[in-house]
Amino acid sequence: MRTLRRPAQELRTAIDCLPERTRIAMLEGIDESSIIVGAYTDPRGGVCPMLAAHRRGGRTSFATFAKAWDRYTRAGTRARPASERELRTLRAMLEASLAELPGGDSSLTDEVSRVKASRRALAETAAEGTGQGFVRELFTRRPKAASEEPERELV
């Protein structure tokens, strides 16, 4: 009898099976494309993570990833945009998977730096075009360290 894995574990396993170039291309794709859930494309121009990677040179046909992505996101019968949480999780899993490769730390550091610079430039362009400075802050704000978070009181 087959044991059912949790969807997040299944997604991480599928990511680990992708070639390195595809994982890097997928990281680029989730920054530069409108990522969707439940379909390959949608009428508004959204694409699934695999198609986003494919368009950036990560030419891999791997149905296991698509199935794991749809299970993780609980994709229904209609395509929808991926939530911020889903995208953050996908990004974290891709980065962790790349970091675990032999010599992955330096290549991942370079890739992360390049992606962050791209995001900063995109945020600055968006802020200049709309006159909304908060957009720049969203993309450049550093996450709080665990020690900086307030302690929660038990009630």
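As shown above, the structure is provided for reference.
These numbers come from a predicted model, not from an experiment.

## Notes on helix α4 (residues 63-72)
Now for step 1: Looking only at α4, the buried set comprises Phe65, Ala68, Trp69 and Tyr72. The buried side chains of α4 occupy one side of the element, clustering within an arc of 100 degrees when seen end-on.
Now for step 2: Elements in contact with the buried residues of α4: α1 (7-17), α2 (20-32), β1 (36-37), α3 (49-54) and α5 (84-99).
Now for step 3: Positioned one or two residues after α4, Arg74 has a phi angle of 55 degrees, which is positive.

## Topic: the pattern of salt bridges
Now for step 1: Tallied over the full model, the rule gives seven salt bridges.
Now for step 2: One salt bridge connects Asp16 with Arg12, and the closest N-O pair in it is separated by 2.9 Å. Of this pair, Asp16 and Arg12 both sit in helix α1, four residues apart, which is roughly one turn of the helix.
Now for step 3: For Arg12, the salt bridge identified is with Glu100, shortest N-O distance 2.8 Å. Taken as a pair, Arg12 in helix α1 and Glu100 in the loop between α5 and α6 (104-130) lie far apart in primary sequence, 88 residues in all.
Now for step 4: Glu100 gets classed as exposed once you look at its relative accessible area, which sits at 58%.
Now for step 5: In this structure, a network of salt bridges that share partners links the residues Arg12, Asp16 and Glu100.

## Things to note about the packing of α2 against α5
Now for step 1: It is at 10 Å that the axes of α2 and α5 come closest, and there the two elements cross at 150 degrees. It follows from the interaxial angle that α2 and α5 lie roughly antiparallel. Regarding α2 and α5, the two cross each other, and that crossing is left-handed. Residues Glu20, Arg23, Ile24, Met26, Leu27, Ile30 and Asp31 of α2 touch α5, and the partners they reach there are Leu87, Leu90, Arg91, Leu94, Glu95, Ser97 and Leu98.
Now for step 2: A class-by-class count of the residues in the contact of α2 with α5 yields eight nonpolar, one polar and five charged.

Reading the values: the criteria
- Residues numbered from 1 in each chain as written.
- Predicted model: local features only at pLDDT ≥ 70, side-chain atom pairs only at ≥ 80, totals over all residues.
- Heavy atoms only, no water.
- Buried < 20%, exposed > 50% of the residue type's maximum accessible area, 1.4 Å probe, protein only.
- Helix = DSSP H or I, 4+ residues; strand = E, 2+ residues; numbered from the N terminus.
- Arc of directions from axis to C-beta.
- Contact = heavy atoms within 4.5 Å.
- Salt bridge = Lys/Arg side-chain N within 4 Å of Asp/Glu carboxyl O.
- Axes fitted to C-alpha atoms, helices over the stretch in contact; angles between N-to-C directions.
- Parallel < 35°, antiparallel > 145°, perpendicular 65-115°, else oblique.
- Left-handed = near helix turned anticlockwise from the far one by under 90°.
- Nonpolar A, V, L, I, M, F, W, Y, C, P; charged D, E, K, R; others polar.

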